[in-house]
Amino acid sequence: MQDFMRWLLRCSRCGTAYEDSASRWRCDCGGVLDLEFMPSFRPDLLCGRSHDLWQYREALPVGDDIVTLGEPTTPLVPVQFGAGTLLVKQEQLFPTGSYKDRGAAILMTHLRDLGVSCVVEDSSGNAGCAVAAYAARAGIACDIYVPVGTSPAKTAQVEAYGAILHYVPGTREDTASAAQEAAVGSTYASHVYNPWFLHGTKTFAYEVAEDLGWAAPDTVVVPAGNGTMLLGAWIGFSELKQAGVIDRVPRIIAVQAAACAPLVTAFDRNLPDPVGVIAGDTVAEGIAVASPARGAQMLAAVRASGGRFVAVTEHEIRDSLDMCCARGWFVEPTSAAVIAGALRHAAQASPDERIVTAFTGHGLKAAAKIAPMLTHRERTTNAG
Ligand SMILES: *Cc1c(COP(=O)(O)O)cnc(C)c1O
Ligand SMILES: [Zn+2]
């Protein structure tokens with residue numbers, strides 16, 4: 001971390017540069033903004049530091065006055081599934097129960113540095129929980145917009161932190177529009193648009209590389225909703241490669257639910273932008289995003305990494321959830337979708353390929369949705 005500094009924002013579409021400010025969240029052309037930031041991180045700097053998110057401070061675009069709930073570095077645990085062994089990062093262990101805390105901690109630290117006193121955010125649940133928690137920690141007032149039908153544990157969590165909750169009927173995109181209107185005159189603390197969030201989620205890549213002895217895995221398998229883990233991984237691994245810490249960026253396999261797969265379709269047709277889709281029903285609520293604002297960047301990152309997008313069926317998600325739970329991990333259906341995608345990849349990978357993925361969110365967040373999914377399960381004693 002540095003003394004309080006300002007970095008430039010640059011439009012990913014037209015290249016226009018902007019001074020950082022609490023009110024600007026996209027380019028006048030409608031493009032998304034990226035942060036012009038060069039980390040000065042070296043692995044030897046970690047010597048003697050406590051193992052938490054902030055140990056990578058030279059890679060974080062924030063000052064020293066941090067907003068923290070005590071974010072751990074999460075364990076990378078080998079888990080044996082039928083198709084092979086996955087190295088699964090335990091992202092459900094964050095303070096609010098999902099990896100969104102990586103982004104929210106950096107974003108709220110930055111917004112408090114800017115002197116912001118109230119924020120607005122929209123979310124399918126977990127990003128709202130994370131922003132509400134870190135806003136509470138920072139003493140910043142918070143309004144969270146969610147779609148009608150969001151898991152009750154998540155909405156209860158948002159309200160418990162003292163945020164004001166707004167239900168929006170219609171699609172996930174309708175929820176985003178409602179928040180963007182409300183953000184006029186407030187600050188839009190968007191996990192999708194605000195690039196500081198991605199400079200928080202990128203610590204996923206730093207931790208994975210550190211866990212592997214400052215090396216990249218062959219493959220990382222990540223969710224592809226709005227792409228905060230995907231783009232964070234891309235930024236983090238790219239920074240480490242540029243610094244000469246690792247020698248290549250891993251192949252990124254990005255997972256969508258077949259019921260809502262605008263990026264899979266675009267990838268398969270070789271298109272630069274997501275394809276418009278009507279979202280069907282999926283238990284994977286965390287990745288049900290029909291028009292991801294950073295979709296073009298997600299497609300470009302996955303292509304540049306030599307990876308691909310995969311769509312998993314509802315049946316595969318349920319099977320995957322059963323397998324995770326039977327091995328002792330109670331995770332969200334959305335997390336099970338990511339594991340289903342990783343198993344698809346593992347089934348055709350070489351046996352010595354190192355595949356890293358994540359349990360993205362805790363099952364307690366979606367217990368009410370999970371319970372009815374398990375009713376037809378037979379008693380199993382052999383988890384394997
Ligand atoms: C947010 C979230 C995802 C999807 O991440 P995106 O950033 O939208 O791609 C997956 N799983 C869980 C538990 C999440 O909270
Ligand atoms: Zn622009």
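You'll find the structure just up there.
Residues numbered from 1 in each chain as written. Chains lettered and ligands numbered in written order. Predicted model: local features only at pLDDT ≥ 70, side-chain atom pairs only at ≥ 80, totals over all residues. Heavy atoms only, no water.

(A) Local environment of the nonpolar core. Ranked by size, the top nonpolar core spans 42 residues in total, and within it Leu 230, Phe 237, Phe 309 and Val 356 carry the most contacts. Take this core: its biggest share by element is six residues, from helix H7 (residues 228-242). In terms of nonpolar packing, the next biggest core, distinct from the first, is built from 40 residues, Leu 33, Ala 104, Leu 107 and Ala 130 among them. (Core = buried A, V, L, I, M, F, W, Y, C linked by side-chain atoms within 4.5 Å. Buried < 20%, exposed > 50% of the residue type's maximum accessible area, 1.4 Å probe, protein only. Helix = DSSP H or I, 4+ residues; strand = E, 2+ residues; numbered from the N terminus.)

(B) The coordination of the zinc ion (ligand 2), seen in detail. Taken together, the protein ligands of the zinc ion (ligand 2) are Cys 11 (SG), Cys 14 (SG), Cys 27 (SG) and Cys 29 (SG), with distances of 2.2 to 2.3 Å. Of note is the zinc ion (ligand 2), whose four donor atoms meet at the metal with angles of 106 to 118° in an arrangement that counts as tetrahedral. Expressed as a motif, the donor residue spacing for the zinc ion (ligand 2) is C-x2-C-x12-C-x1-C. With Cys 14 in the loop between strand S1 (8-11) and strand S2 (17-19) and Cys 29 in the loop between S2 and strand S3 (33-35), the pair connects residues that are 15 residues apart, well separated along the chain. Take Cys 29: its relative accessible area is 32%, and that puts it in the partly exposed class. (Donors = N, O, S within 2.8 Å, 3.2 Å for Na, K, Ca; no water. Tetrahedral: all angles 85-135°; square planar, octahedral: opposite > 155°, others 65-115°.)

(C) Summary view of the packing of helix H6 (residues 203-211) against H7. With their axes 7 Å apart at the nearest point, H6 and H7 run at an angle of 55° to one another. By the angle between their axes, H6 is oblique relative to H7. Where H6 crosses over H7, the two elements pack in a sense that is right-handed. Each of Phe 204, Ala 205, Tyr 206, Val 208 and Ala 209 in H6 lies in contact with H7, whose residues at this interface are Met 229, Ala 233, Gly 236, Phe 237, Glu 239 and Leu 240. Residues that form the contact of H6 with H7 fall into these classes: nine nonpolar, one polar and one charged. (Axes fitted to C-alpha atoms, helices over the stretch in contact; angles between N-to-C directions. Parallel < 35°, antiparallel > 145°, perpendicular 65-115°, else oblique. Left-handed = near helix turned anticlockwise from the far one by under 90°. Contact = heavy atoms within 4.5 Å. Nonpolar A, V, L, I, M, F, W, Y, C, P; charged D, E, K, R; others polar.)

(D) Up close: the pairing of strand S4 (residues 76-81). Note: S4 against strand S5 (residues 84-90), six bridges, orientation antiparallel. Note on S5: the bridge partner recorded for Val 79 is Leu 86. What sits between the antiparallel neighbours S4 and S5 is a turn of two residues. (Pairing = 2+ DSSP bridges.)

(E) Region of the structure containing the packing of H7 against helix H9 (residues 295-304). Relative to each other, H7 and H9 sit at 50°, their axes nearing to 10 Å. With respect to their mutual orientation, H7 and H9 come out oblique. The handedness of the crossing between H7 and H9 comes out as left-handed. On H9, the residues touching Leu 230, Leu 231 and Trp 234 of H7 are Gln 297, Met 298, Ala 301, Val 302 and Ala 304. Residue composition of the contact of H7 with H9, by class: seven nonpolar, one polar and no charged.

(F) Focus on the site of ligand 1. Lining the immediate surroundings of ligand 1 are 16 residues, of which Lys 100, Asn 126, Asn 226, Gly 227 and Thr 228 lie closest. Measuring from a nitrogen atom of ligand 1, one finds a side-chain N or O atom of Thr 360 at 2.8 Å. Here ligand 1 has 380 Å² of accessible area as a free molecule, and 97% of this is covered by the chains. When atoms are counted within 2 Å of each cavity's grid points, the one that captures over half of ligand 1 is the largest cavity. Here the shell around ligand 1 is built from residues that sort into five nonpolar, nine polar and two charged. (Near = heavy atom within 4 Å. Polar contact = N/O pair within 3.5 Å; in protein donor to acceptor, adjacent residues only side chain to side chain. Areas by Shrake-Rupley, 256 points an atom, 1.4 Å probe, with all protein chains shown as cover. 1 Å grid on protein atoms, 1.4 Å probe; cavity = no way out; pocket = protein on both sides within 12 Å on 5 of 7 lines; lining within 4 Å. Sits in = over half its atoms within 2 Å of the grid points.)

(G) Region of the structure containing the environment of Val 356. Note that Val 356 resides in strand S13 (residues 355-359). Looking at Val 356, the relative accessible area reads 0%, which means it is buried. A C-alpha to C-alpha distance of 29 Å links Val 356 and Thr 150, two positions 206 residues apart in sequence. Beyond its immediate sequence surroundings of up to four residues, Val 356 is in contact with Leu 76, Leu 87, Phe 204, Val 208, Leu 212, Pro 217, Thr 219, Val 220 and Val 221.

(H) View of the sheet that holds strand S7 (residues 141-147). Strand order in the open sheet formed by four strands is S8-S7-S6-S9, with parallel pairing between adjacent strands. Looking at which strands have only one partner, the edges of the open sheet turn out to be strand S8 (164-168) and strand S9 (187-188). Pairing of strand S6 (residues 118-122) with S7 involves five bridges; the strand directions are parallel. In the sheet register, Val 119 faces S7, and the bridge partner there is Cys 142. Helix H2 (residues 126-138) rests against S6 and S7 of the sheet, and its axis sits at about 170° to S7.

(I) Unusual backbone geometry, seen in detail. Residues other than glycine seldom take positive phi values, yet Trp 214 does so here, at roughly 55°. Note on placement: Trp 214 falls in the loop between H6 and strand S10 (219-223).

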